[in-house]
Amino acid sequence: MAPEVNKTEDEWRAELSPEQYQVLRQAGTERPWSGKYVNNHDDGTYRCAACGVLLFDASTKFESGSGWPSFYEPAVADAVELVSDTAHGMVRTEVRCRNCGGHLGHVFPTVRSPPGSATA
């Protein structure tokens, strides 16, 4: 599905900080445990840094042990899209903002289970 927000890379560079551009437009990442939202436990919502669309509610954030903020469901079901990513010799599932195509991260098997999930 094509994103609703379509901008040139020059437009994205002009609107985003260098770090935001590297993550959102080039599928980069920050070092684990280094981001400002990893240890944030405030109530509220998380929006796409590129287009502002609502992505996640803080009530769905959980401690995965991955070093990045982790959520067990989007705030709006179709706010994100899951895409197969075979870069770097791995097969992973990339999470993107459906509205602008911005890279949000990857789905990883959880180290700790999210609330309400069954554990063995």
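Just so you know, these numbers come straight off a predicted model, no measurement behind them. (Residues numbered from 1 in each chain as written. Predicted model: local features only at pLDDT ≥ 70, side-chain atom pairs only at ≥ 80, totals over all residues. Heavy atoms only, no water.)

K.L.:
I keep staring at the pattern of salt bridges and nothing clicks. Help me out?
P.N.:
A side chain of one charge can pair with a side chain of the opposite charge if their charged atoms are brought near each other. Per the counting criterion, the structure on display carries five salt bridges. A salt bridge links E9 to R25; its shortest N-O distance comes to 3.8 Å. Placement of E9 in helix α1 (residues 9-15) and of R25 in the loop between α2 (18-24) and β1 (45-47) is noted, with a sequence separation of 16 residues between them. Look at R25 and you get partly exposed, because its relative accessible area is 24%. With a closest N to O distance of 3.2 Å, R96 and E94 form a salt bridge. (Salt bridge = Lys/Arg side-chain N within 4 Å of Asp/Glu carboxyl O. Helix = DSSP H or I, 4+ residues; strand = E, 2+ residues; numbered from the N terminus. Buried < 20%, exposed > 50% of the residue type's maximum accessible area, 1.4 Å probe, protein only.)

K.L.:
Mind showing me how you'd approach the sheet that holds strand β5 (residues 80-85) here?
P.N.:
Taken together, three strands build an open sheet; the order of strands is β5-β6-β7 and the sheet is antiparallel. Where the open sheet ends on each side, the last strands, each with one partner, are β5 and β7 (103-107). When the angles between neighbouring strand axes are averaged without regard to direction, this sheet yields 30°. In terms of strand pairing, β5 meets strand β6 (residues 92-97) through six bridges, oriented antiparallel. Its bridge partner being in β6, D85 is matched across the sheet by R92. (Pairing = 2+ DSSP bridges. Axes fitted to C-alpha atoms, helices over the stretch in contact; angles between N-to-C directions.)

K.L.:
Any chance you could explain the pairing of strand β2 (residues 54-57) here in plain terms?
P.N.:
Successive residues of a regular strand alternate their side chains across the two faces of the sheet. Bridge count for β1 against β2 is three bridges, and the pairing is antiparallel. Its bridge partner being in β2, Y46 is matched across the sheet by F56. Following β1, the chain reverses through six residues before pairing antiparallel with β2; G52 in that reversal takes a positive phi of roughly 85°.

K.L.:
I would appreciate a short explanation of the nonpolar core in the present structure.
P.N.:
For soluble globular proteins, the rule of thumb is that nonpolar side chains tend to be buried together. Within the largest apolar cluster, 15 residues are counted, with the highest numbers of intra-cluster contacts made by W12, L16, C48, A50, L55 and C100. Contributions of two or more residues to this core are made by α2, β2 and β6. Ignoring anything within four residues of it in the chain, the contact list for W12 reads V5, K7, Y21, R25, A50 and C100. (Core = buried A, V, L, I, M, F, W, Y, C linked by side-chain atoms within 4.5 Å. Contact = heavy atoms within 4.5 Å.)

K.L.:
When you look at the environment of Y72 in this model, what are you seeing that I'm missing?
P.N.:
By the secondary structure assignment, Y72 is in the loop between β4 (70-71) and β5. Taking relative accessible area as the criterion, Y72 reaches 38% and is therefore assigned partly exposed. Sequence spacing of Y72 and S59 is 13 residues, and the spatial spacing of their C-alpha atoms is 9.5 Å.

K.L.:
Quick question: what am I supposed to make of the state of the cysteines here?
P.N.:
Among covalent bonds in proteins, the disulfide is the one between the sulfur atoms of two cysteines. Under the definition given, this model contains zero disulfides. With no disulfide of its own, C51 lies closest to C97 among cysteine sulfurs, the gap being 3.7 Å. For C51, a relative accessible area of 26% puts it in the partly exposed group. Residue classification places C97 among the buried residues on the basis of a relative accessible area of 0%. (Disulfide = S-S within 2.5 Å.)

K.L.:
Explanation requested: the environment of A27 in the structure shown.
P.N.:
One can find A27 in the loop between α2 and β1. Judged by relative accessible area, which is 43%, A27 ranks as partly exposed. Separated by 77 residues in sequence, A27 and L104 have C-alpha atoms that sit 7.9 Å apart.

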